[in-house]
Amino acid sequence: MPYQDVFVLFWEQVKVSCQEGRFAKLTLAKTIGKPNLKNIFVRPVYSDDDFKVLVKLRYQSKETEDEENELTLEDAFVFLKSYIRTPFSSVLLFTTTKDVTFKINKKGAGRITQNSPTFHNVTQAKNDVE
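To keep things clear, this report deals only with the structure shown in the data block.

1. Some words on the sheet that holds strand S4 (residues 67-71)
Point 1. The strand order across the open sheet formed by seven strands is S4-S3-S2-S1-S5-S6-S7, and the pairing between neighbours is antiparallel. Because the sheet does not close on itself, it has two edges, and the strands there are S4 and strand S7 (110-115). For this sheet the average axis-to-axis angle between neighbouring strands, irrespective of direction, equals 15°.
Point 2. Taken together, the seven bridges between strand S1 (residues 23-31) and strand S5 (residues 88-95) define a ladder with antiparallel strand orientation. Its bridge partner being in S5, threonine 27 is matched across the sheet by leucine 92.

Encoded structure:
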């Protein structure tokens, strides 16, 4: 199945984990080539009336300052999908009940796998964005 379709299925699991309060962290990793962008981390920011995520872009170069943006889950999906395959070939979803991994192989097919949870509690992101 094309990786774009599989990523949509993967993102459904992200949404459900957020709705159920199980979302701990999302990490885009395994870059293709050697881009300056090293990782993208997504952490929850829960409030009484709203749910947002803090998206942090971490760079290899010490000269490039890391970036942080607070986004809605829908905006985060649009933002993150532009980084899928170029440059990142895997996305890891950490929840309190399971870890879910989305990977793209060399032929451009996507795959989802599940493992035991790494996190047992949800820790909110500390927002440095003003």
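2. Let's talk about the environment of phenylalanine 77
Point 1. Relative to the assigned elements, phenylalanine 77 resides in helix H2 (residues 73-81).
Point 2. On the basis of relative accessible area, phenylalanine 77 is assigned to the buried category, the value being 18%.
Point 3. For the pair phenylalanine 77 and valine 8, spaced 69 residues apart in sequence, the C-alpha to C-alpha distance is 9.1 Å.

3. Brief notes about the side chain of serine 17
Point 1. Inspection of the secondary structure puts serine 17 in helix H1 (residues 3-19).
Point 2. Discounting residues that sit within four places of it in the chain, serine 17 has contacts with Arg22, Phe23, Leu93 and Thr95.

4. So, the packing of aromatic side chains
Point 1. In the structure shown here, the tally under the stated rule is nine aromatic pairs.
Point 2. Summarising the aromatic geometry, the rings of phenylalanine 7 and tryptophan 11 are spaced 6.0 Å apart at their centres and angled 40° between planes, so their arrangement reads as tilted. With phenylalanine 7 and tryptophan 11 both in helix H1 and four residues apart, the pair spans about one turn of that helix. In this structure, phenylalanine 7 and tryptophan 11 share a single accessibility class: buried.
Point 3. An aromatic cluster is present here, built from Phe7, Phe10, Trp11, Phe77 and Phe102 joined pairwise through their rings.

5. Describing the packing of H1 against H2
Point 1. Across the interface, H1 lies against H2 with an axial gap of 12 Å and an inter-helix angle of 150°. The pairing of H1 with H2 is recorded here as roughly antiparallel in orientation. Relative to H2, the crossing made by H1 is right-handed. In this structure, H1 contributes Phe7, Val8, Trp11, Val14, Lys15 and Cys18 to the contact, and H2 contributes Leu73, Ala76, Phe77, Leu80 and Lys81.
Point 2. Tallied by class, residues from the contact of H1 with H2 come to nine nonpolar, no polar and two charged.

6. Things to note about H2
Think of an α-helix as turning once every 3.6 residues; residues three or four places apart then point the same way.
Point 1. Every buried residue of H2 is listed here: Leu73, Ala76, Phe77 and Leu80. Buried residues of H2 fall within an arc of 105° about the axis and therefore sit on the same side. Exposed and facing more than 90 degrees away from the buried side of H2 are Glu74 and Val78.
Point 2. On its buried face, H2 is in contact with H1, S1, strand S2 (37-46), strand S3 (51-59) and S4.

Conventions we followed
Residues numbered from 1 in each chain as written. Predicted model: local features only at pLDDT ≥ 70, side-chain atom pairs only at ≥ 80, totals over all residues. Heavy atoms only, no water. Pairing = 2+ DSSP bridges. Helix = DSSP H or I, 4+ residues; strand = E, 2+ residues; numbered from the N terminus. Axes fitted to C-alpha atoms, helices over the stretch in contact; angles between N-to-C directions. Buried < 20%, exposed > 50% of the residue type's maximum accessible area, 1.4 Å probe, protein only. Contact = heavy atoms within 4.5 Å. Phe/Tyr/Trp six-rings, centres within 6.5 Å; stacked < 30°, edge-to-face > 60°. Parallel < 35°, antiparallel > 145°, perpendicular 65-115°, else oblique. Left-handed = near helix turned anticlockwise from the far one by under 90°. Nonpolar A, V, L, I, M, F, W, Y, C, P; charged D, E, K, R; others polar. Arc of directions from axis to C-beta.

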